[in-house]
Amino acid sequence: MKTHGINGIRPFSALIDACGREKYTSQRLIQDIIAGITVGIIAIPLAMALAIASGVPPQYGLYTSAIAGIVIAVTGGSRYSVSGPTAAFVVILYPVSQQFGISGLLIATLLSGVFLLLMGLARLGRLIEYIPLSVTLGFTSGIGITIATMQVKDFLGLHMSTVPEHYIDKVVALAQAVPTLQVGDTLIGIVTLFVLISWPKLGIRLPGHLPALLAGVAVMGILSLFDVHVATIGSRFSYTLADGTLGKGIPPILPQFVLPWNLPSASGQSIDLSWQSLSALLPAAFSMAVLGAIESLLCAVVLDGMTGKKHNSNAELMGQGFGNIVAPFFGGITATAAIARSAANVRAGATSPVSAIVHALLVLLALLVLAPWLSYLPLAAMASLLLMVAWNMSEAHKVVDLLRHGPKDDIIVMLLCLSLTVLFDMVIAITVGIVLASLLFMRRIARMTRVSELPGTHAQQRLVLRVNGPLFFAAAERIFSELLSRSEDYQTIVLQWDAVPVLDAGGLNAFLRFTDVLPASKRLIITDIPFQPLKTLARANVNPIEGRLSFYPTLAQALEETAPA
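Residues numbered from 1 in each chain as written. Predicted model: local features only at pLDDT ≥ 70, side-chain atom pairs only at ≥ 80, totals over all residues. Heavy atoms only, no water.

Remarks on the overall build of the protein
As a reminder, the rule being used: Helix and strand assignments follow DSSP, with helices taken as H or I runs no shorter than four residues and strands as E runs no shorter than two, numbered in order from the N terminus. A simple rule labels every residue: compare its accessible area, found with a 1.4 Å probe on the protein chains alone, to the largest value its type can have, and call it buried under 20%, exposed over 50%, or partly exposed in between. By definition, residues are in contact when any of their heavy atoms lie within 4.5 Å.
Each helix and strand in the protein was counted, giving 22 helices and nine strands. Considered along the principal axes of its C-alpha atoms, the protein spans approximately 105 × 65 × 55 Å. Counting all 565 residues of the protein, 53% fall into the buried class. The long-range fraction of contacts in the protein, counting pairs at least 24 apart against all pairs at least 6 apart in sequence, stands at 80%.

A word on the UniProt feature "domain: STAS" (unreviewed entry) in the protein
What counts here: UniProt positions are given in the numbering used here, feature names are shortened, and annotations may be inferred rather than shown by experiment.
Feature annotation in UniProt places "domain: STAS" (unreviewed entry) on residues 463-562, given in this structure's numbering. For residues 463-562, the helix share is 40%, the strand share is 23%, and the end-to-end C-alpha distance is 10 Å.

A look at the packing of aromatic side chains
As a reminder of what qualifies: We call Phe, Tyr and Trp rings a pair once their centres come within 6.5 Å, taking the six-membered ring for Trp, and we label the pair stacked below 30 degrees between planes, edge-to-face above 60, and tilted otherwise.
Summed over the entire model, instances satisfying the criterion amount to nine aromatic pairs. Centre to centre, the rings of Phe472 and Phe473 are 5.4 Å apart; their planes meet at 80°, and the pair counts as edge-to-face. Here Phe472 falls in the buried class, since its relative accessible area comes to 10%. Pairing Phe480 with Phe514 gives two aromatic rings, centres 5.4 Å apart and planes at 35°, and the pair type is tilted. Placement of the pair is Phe480 in helix α19 (residues 476-486) and Phe514 in helix α20 (residues 505-517), with a sequence separation of 34 residues. Residue Phe480 is classed as buried on the basis of its relative accessible area, which comes to 5%. On the basis of relative accessibility, which here comes to 2%, the residue Phe514 falls in the buried class.

Some thoughts on the pattern of salt bridges
Quick note on the threshold: By definition here, a salt bridge exists when the distance from a side-chain nitrogen of Lys or Arg to a carboxyl oxygen of Asp or Glu is within 4 Å.
According to the stated counting rule, one finds 13 salt bridges in the structure shown. A salt bridge links Glu477 to Arg513; its shortest N-O distance comes to 1.8 Å. Linking Glu477 in helix α19 with Arg513 in helix α20, this pair joins segments that are 36 residues apart in sequence. The class for Arg513 is partly exposed, based on a relative accessible area of 35%.

What to know about the pairing of strand β9 (residues 549-552)
Let me state the cut-off plainly: A pair of strands is considered paired only if DSSP assigns at least 2 bridges between the two. Consider the strands pointing away from the viewer: the crossover is right-handed when the path from the first strand over the helix to the second runs clockwise.
Here strand β8 (residues 523-527) pairs with β9 via four bridges, running parallel. Considered in β9, the bridge of Ile526 is made with Phe551. Following the backbone out of β8, through helix α21 (residues 531-539) and into the adjacent parallel β9, one traces a crossover that is right-handed.

Printed below as a string of structure tokens:
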């Protein structure tokens, strides 16, 4: 039976289509379990690393993968997407966590979920098609550069009391801290990164994240024999349980229900839930929602190309909204569909959202069983994971290809978006990039509108021209100015409009001014008017004027009417 859903949008559409409308067999369940375990192995270390990079303890990343991963898989519109913390959010979440603490970060996540839900209800899922490739390449590459820069501290084991917020200051501070480099941390980072880079060349289907981390731990073990100590999750993070128990690393308990505003803010006190505090978090929440929408829909489009299936974009936005509304009440930070994990999910043989649910359950199991062991993971190895993520996210090969072969306008937009993302803010970069790309596109289209003389139509005192291209605000003034100068020596001007697809308000205004300034002794004839321009002229009550302005359905009729006697 067909369900209409909310506002015509079907929540749970991916789960219903994959497991309800299609026969869900035991063989498909086995495939989904295998895929879910494979992705879970990737997600566990990445979730912790991304939480650390976002300025919060690693368990919050695991809570995000588990809770948001299940909610979004059940309610979303893309059957293969795997959701959780992603690298793209780090540049937004880190400043929020430093300024407002974990409480402010979870409230901002909750607000971003509301924004995403509203985007889905407003049917904005197709807007991703209007973001140019140059803009997406620019801001994703910029985010990759920013994330990579943020990992230098842990990768090299640098001692820094504070890390500046602005990029240039951050680079300067890192350069000044180079003398504090720790050989042990650096060696672990290099070995982990080497395994990550080399592993795909071995042709083994097991993801390289786990072997790389184990290699880093092995190096740490060897270094400990020589009394060389390195920074680990356990040495940097600690926790206090409800019964007062203190521990190092990650608490071995499942996510607990919490009210985000009751958790400590950056000052150590619970946040004051007022309009003033909410308004301070709204810009960050909106940035999270915009980035979450872009990344989740891009991920869904990529998966459609890999599988031949179609996602429901508005249902996916609603699913992302539900996930980011529910997750903060269990300690989850901002989540969205992760392209790398989702692609691995498809390659591992996933057939439905059940695989994403299995991945989330594996994360929960790791919390209960592996928490004491996860505390021994070296931070340099976690930094290496994120360096690899940053490299993949930057899509350097696409950037180089665009620089070498792309149009100049697209190159300018991409470089501007990249620079603004690194130096300022992702939302500023996307906004400026889209505006600039739109302006350059309009200039390009405006230049395509041309006027040409039709061969074989020349007659004394009669000029016959064909207008080719849209008569919109960016092109109309130039076209009608050209027409005015070219028609000086002719009494009759015939314009064929069969290749004019659009006449907007700016074009209409330029046309009316042209008819006004045309000398009274001259006659203007328009032929072959397509539907949209004809509708625009009719709505403006533009009527024929005896001896001044005429309209003919075809050029042949106009030529016959104006043929010399």
